[in-house]
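# Summary of the model geometry
For reference, the chains in residue letters:
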Amino acid sequence: MNAPQRKFDALSVSVTLPADSHPPHVVQGAAVSFIDRCYVLMDRPSESEIRVTLSAKEAVEDESTLEKIADAFEARLLSSDLYHCLLYTSPSPRDLSTS
């Protein structure tokens, strides 16, 4: 799996991921969790990539603030992906109780 690529500008950070690294609904769920503090744009620059752009709603003092936002997004993405994997690969409690 390739590492996410980051691109910074004055008010936003774009995180570009390989399209096959995470299910699209997991990426969307992680992005939506940032709506309270960022404007969120999710697009596909190519068939093999998903890009999430997080733009700060308030003035950003320096790039380190955007780096923290990108770190938090990537952490949320990993936890959402783990949850998704556990949800769809673990047996349900009903299956465990009947075996």
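See the structure above.
First, a word on scope: everything that follows refers to the structure included in this document. (Residues numbered from 1 in each chain as written. Predicted model: local features only at pLDDT ≥ 70, side-chain atom pairs only at ≥ 80, totals over all residues. Heavy atoms only, no water.)

## A few points about the overall build of the chain
Rules: Every helix listed is a DSSP run of H or I at least four residues long, and every strand listed is a run of E at least two residues long, numbered separately from the N terminus. Between buried and exposed lies partly exposed: a residue is buried under 20% and exposed over 50% of the maximum accessible area for its type, with that area taken using a 1.4 Å probe on protein chains only. Note on contacts: a residue pair qualifies if any of its non-hydrogen atoms lie within 4.5 Å across the two residues. Accessible surface is estimated by sampling points in the Shrake-Rupley manner with a 1.4 Å probe; for residues, cover comes only from the protein chains shown.
Counting secondary structure elements, the chain contains three helices and four strands. Walking the chain from its N terminus toward its C terminus, one meets helices and strands in the order β-β-α-β-β-α-α. Looking at the chain as a whole, 31% of its 99 residues are labelled buried. By sequence separation, contacts in the chain at least 24 residues apart represent 58% of the contacts at least 6 residues apart. Counting every atom, the chain has about 6,700 Å² of accessible surface; 54% of that belongs to carbon and sulfur.

## Quick word on the pairing of strand β3 (residues 38-46)
Quick note on the threshold: Paired strands, as defined in this entry, are two strands with at least two bridges between them according to DSSP.
Across seven bridges, the pairing between β3 and strand β4 (residues 49-56) is antiparallel. Following the sheet pairing, serine 46 is matched in β4 by glutamate 49.

## Remarks on the side chain of serine 14
The condition is simple: Pairs of N or O atoms within 3.5 Å make up the polar contacts considered here, provided that, within protein, one atom can donate a hydrogen while the other can accept it, and that residues adjacent in sequence are counted only when both atoms are side-chain atoms.
Its place among the elements puts serine 14 in strand β2 (residues 12-18). Accessibility expressed as a relative area gives 14% for serine 14, which makes it buried. At a separation of 2.9 Å, a polar atom in the side chain of serine 14 contacts the side chain of threonine 53. Residues within four places of serine 14 in sequence aside, it is in contact with Gln5, Arg6, Lys7, Arg51, Val52 and Thr53.

From the geometry alone we can't say anything about function, so treat these as descriptive.
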